[in-house]
Amino acid sequence: MTHDVGSEFRALHQKGNPFILANAWDIGSAKVLVAMGAEAIATSSAAHAFTLGRPDMGHVSRDEALAHAQDLVTAVNVPVSGDFENGFGEDPDRCAQTVRLAAEVGLAGISIEDTALPAATPYERALAIERIQAAASAARALPKDFVLLARADGVMNGQYDLKEALARIKGYEAVGADALYIPLPGTLEDQERICAATKLPVNALAAGPFTNITRDQFAKAGVARISLGSALARATHRVLHDAAQAMFDEGDFSALGQSISGAKIDAMLG
């Protein structure tokens, strides 16, 4: 894509009118999601790791993530954002370099979290904010628009409470983040509190208990975008698991009769 995908991506972020940021795990899933109506695609660090036969949380290198992201950018005609974990390093300069490399492969933006992967331990708040400041400065120095989303993952990981998460995202906002994200804050009321605490667009995660929340409910809470994380990839693994279990344990192939037709897949892949 040669046009300004960063500007296109930024325009999708509207408080109270969330778009679905569809997390894909390979070229085929990205193309199917766009054919079904996705306005933007994101990578998923966990889902990408699954395709490599690896577990989640810090087991994919930056070079691998960049190459994977570039594959998706080349495959679809919508903006693509990178789920780039902790920026692939603790040092703020490392995060800044990750932003520059992400822009070089054509990404419209990335997310950076505050977790010292592969552990679930969060960085100290001051360091977490410094890392986002460096990444934001790098983003603003790029020749084209680029959307930097800053994450506070400690609530989801059971490492700190919502009060601490709110303090972190306020710090991220102050140093130049473009969007904010506290995954799975607990309740929809907590999600509404997050959205009310900032002028920036907020991402919500449709996973776990939040899969029972509709787009309209997210909208009323003030959410600007809804990502899927690895939930859709895990759903496909559920189908694989259940069908395989029936086949190998009971000789039952009936689950295969519920598959989508090859012709329909071919049409979506273009």
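Residues numbered from 1 in each chain as written. Predicted model: local features only at pLDDT ≥ 70, side-chain atom pairs only at ≥ 80, totals over all residues. Heavy atoms only, no water.

Further remarks concern helix α7 (residues 162-174). Residues that lie three or four places apart on an α-helix share one face, since the helix turns once every 3.6 residues. If you check α7, its first and last C-alpha atoms are 18 Å apart, about what 13 residues at 1.5 Å a residue would give, namely 18 Å. Within α7, the full set of buried residues consists of L162, E164, A165, L166, R168, I169, G171 and Y172. Among the structural elements, α6 (125-140), β5 (147-151), β6 (179-181) and α8 (188-196) are those in contact with the buried residues of α7. Looking at where α7 begins, the residue whose side-chain oxygen comes 3.3 Å from the main-chain nitrogen of K163 is D161. At the C-terminal side of α7, G176 shows a positive phi close to 115°. (Helix = DSSP H or I, 4+ residues; strand = E, 2+ residues; numbered from the N terminus. Expected span 1.5 Å × (residues − 1). Buried < 20%, exposed > 50% of the residue type's maximum accessible area, 1.4 Å probe, protein only. Contact = heavy atoms within 4.5 Å. Polar contact = N/O pair within 3.5 Å; in protein donor to acceptor, adjacent residues only side chain to side chain.)

This part is about the environment of L149. Looking at the secondary structure, you find L149 in strand β5. A sequence separation of 117 residues divides L149 from V32, and the C-alpha atoms of the two residues are 25 Å apart.

Before going further, it helps to spend a moment on the pattern of salt bridges. Any two side chains of opposite charge can pair if their charged atoms end up close together. Tallying each qualifying case throughout the model produces 11 salt bridges. In this structure, R168 and D114 form a salt bridge, with 3.0 Å as the shortest nitrogen-oxygen distance. One end of the pair, R168, is in helix α7; the other, D114, is in the loop between β4 (109-112) and α6, with 54 residues separating them in the sequence. Residue R168 shares its accessibility class with D114, and that shared class is buried. (Salt bridge = Lys/Arg side-chain N within 4 Å of Asp/Glu carboxyl O.)

Further remarks concern the environment of Q97. Summarising the element assignment, Q97 is placed in helix α5 (residues 92-104). For Q97, a relative accessible area of 35% corresponds to the partly exposed category. In this structure the side chain of Q97 is engaged in a polar contact, spanning 2.8 Å, whose partner is the side chain of R62.

Take the environment of H237 next. If you trace the backbone, H237 turns up in helix α10 (residues 231-250). Sequence spacing of H237 and F50 is 187 residues, and the spatial spacing of their C-alpha atoms is 9.5 Å. A distance of 2.9 Å separates a polar side-chain atom of H237 from the backbone oxygen of A233.

Core analysis: the largest hydrophobic core is formed by 64 residues, its most contacted members being I41, F84, L107, I110, Y172 and I182. Of all hydrophobic cores here, the second largest spans 9 residues; its members include F9, L12, L21 and A40. (Core = buried A, V, L, I, M, F, W, Y, C linked by side-chain atoms within 4.5 Å.)

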